[in-house]
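Understanding the architecture of this molecule
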Amino acid sequence: MAWNLRVAGHDLRGPALALATVFAAAWAALSGPSAPDSMLPWAVNPTGYLSGGVCIILWILSIPAKELLNVLLVSFAEKFCGMQRIDIGDGRVNKLEILEAIDLSYLVLNTVIEFLGMSHIIAFLIGEHVQQDLEHFSILGGPVAFVLVMVMNDVIYYPVYLFAHMR
């Protein structure tokens, strides 16, 4: 499926991204605080435990942490599982030679989305809905639930991924 987002020679993905960002920021700002003494809205700070500065510092630290984790996972997959990277060898997937402004915009926005998504997962895990004691742990409530959360994340993210990769 190919969506043509060019009108009169103009690429409309940038304005669409800007509109989505403004909509998300307005929604976050109007979502109210997660805790009575929290300065950040619920959508940005779901636990209510972090200040604005701490959120920004943790977001910045999450970027190199994800890159380090990626290097470790790729090394593990190549050495112990015999997997090959998709950008090397026959049938490879080509990387972009030059990142345009729209590509950089998506990358930055994606890091923010990933950080906020992880914040919501952490808020859920430390919230009252999850039983922390070992007697409530089960296969369905542990590993299966974890896999389902990852699948749901992909289901929600996939339309955005398709939109971002249209050329």
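Look a little higher up for the structure.
The subject of this paragraph is the pattern of salt bridges. Evaluated as defined, the whole model comprises one salt bridge. In this structure, E114 and K66 form a salt bridge, with 2.6 Å as the shortest nitrogen-oxygen distance. With E114 in helix α3 (residues 101-126) and K66 in helix α2 (residues 52-80), this residue pair connects regions lying 48 residues apart in the sequence. Taking the relative accessible area as the measure of exposure, E114 reaches 34% and is therefore partly exposed.

All right, on to the environment of S62 then. Along the polypeptide, S62 turns up in helix α2. Look at S62 and you get buried, because its relative accessible area is 15%. Residues S62 and V112, 50 residues apart in the sequence, show an inter-C-alpha distance of 9.6 Å. Within the local environment of S62, its side chain forms a polar contact with the backbone oxygen of W59, the two atoms lying 2.6 Å apart.

Criteria and cut-off values
- Residues numbered from 1 in each chain as written.
- Predicted model: local features only at pLDDT ≥ 70, side-chain atom pairs only at ≥ 80, totals over all residues.
- Heavy atoms only, no water.
- Salt bridge = Lys/Arg side-chain N within 4 Å of Asp/Glu carboxyl O.
- Helix = DSSP H or I, 4+ residues; strand = E, 2+ residues; numbered from the N terminus.
- Buried < 20%, exposed > 50% of the residue type's maximum accessible area, 1.4 Å probe, protein only.
- Polar contact = N/O pair within 3.5 Å; in protein donor to acceptor, adjacent residues only side chain to side chain.

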